[in-house]
Amino acid sequence: PRIDYPGGTFSGRDDFLDTAHTIESLQVTAYQGQVTYVKDTNLLGAAASIAGTESRHAAIVADLTGRDPFPAPIESARSKKKVLRAARSFIKS
């Protein structure tokens, strides 16, 4: 699929960072929501590494936009269904 960014995403720094915050936060909750389904230890290690990186991205973007970079002591999780529903606005078939 192609990514369809909301209008104005690239109009300026603040617009770009707002979109980045939405995407990065969604990715963190997506990994958290799916980690229990990964049974292969090699894949689990890779997924944990990516999840950690996405969490750092989300924290940095949150800080840059004046949001709380550490909103909770434990990352929240979203189901696959909820992640796909939230991501739908960014996916162009």
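For the structure, check the block above.
Here is what the cut-offs are and how they apply
- Residues numbered from 1 in each chain as written.
- Predicted model: local features only at pLDDT ≥ 70, side-chain atom pairs only at ≥ 80, totals over all residues.
- Heavy atoms only, no water.
- Axes fitted to C-alpha atoms, helices over the stretch in contact; angles between N-to-C directions.
- Helix = DSSP H or I, 4+ residues; strand = E, 2+ residues; numbered from the N terminus.
- Parallel < 35°, antiparallel > 145°, perpendicular 65-115°, else oblique.
- Left-handed = near helix turned anticlockwise from the far one by under 90°.
- Contact = heavy atoms within 4.5 Å.
- Expected span 1.5 Å × (residues − 1).
- Buried < 20%, exposed > 50% of the residue type's maximum accessible area, 1.4 Å probe, protein only.
- Patch = residues over 30% accessible without salt bridge, like charges linked within 9 Å, V, L, I, M, F, W, Y side chains within 5 Å.
- Areas by Shrake-Rupley, 256 points an atom, 1.4 Å probe, with all protein chains shown as cover.
- Salt bridge = Lys/Arg side-chain N within 4 Å of Asp/Glu carboxyl O.

Caption draft 1: The packing of helix α1 (residues 13-34) against helix α2 (residues 41-64), seen in detail. Their axes nearest at 8 Å, the elements α1 and α2 cross at an angle of 150°. Regarding the angle of α1 to α2, the classification is roughly antiparallel. Here the hand of the crossing between α1 and α2 comes out left-handed. Contacts between α1 and α2 involve R13, L17, A20, H21, E24, S25, Q27, V28 and Y31 from the first element and A47, I50, A51, E54, S55, H57, A58, V61, A62 and L64 from the second.

Caption draft 2: Up close: α1. Here α1 spans 31 Å end to end across 22 residues, near enough to the 32 Å set by a 1.5 Å rise per residue. For α1, every residue scored as buried is listed here: L17, T19, A20, H21, E24, L26, V28, T29, A30 and G33. Looking at the packing, one finds that the buried side of α1 touches α2 and α3 (80-87).

Caption draft 3: Region of the structure containing a nonpolar patch on the surface. Among the surface-exposed residues, I3, Y5, F10 and F16 lie close enough to one another that they form a single nonpolar patch of about 430 Å² accessible area. Secondary-structure assignment places Y5 in the loop between β1 (2-3) and α1.

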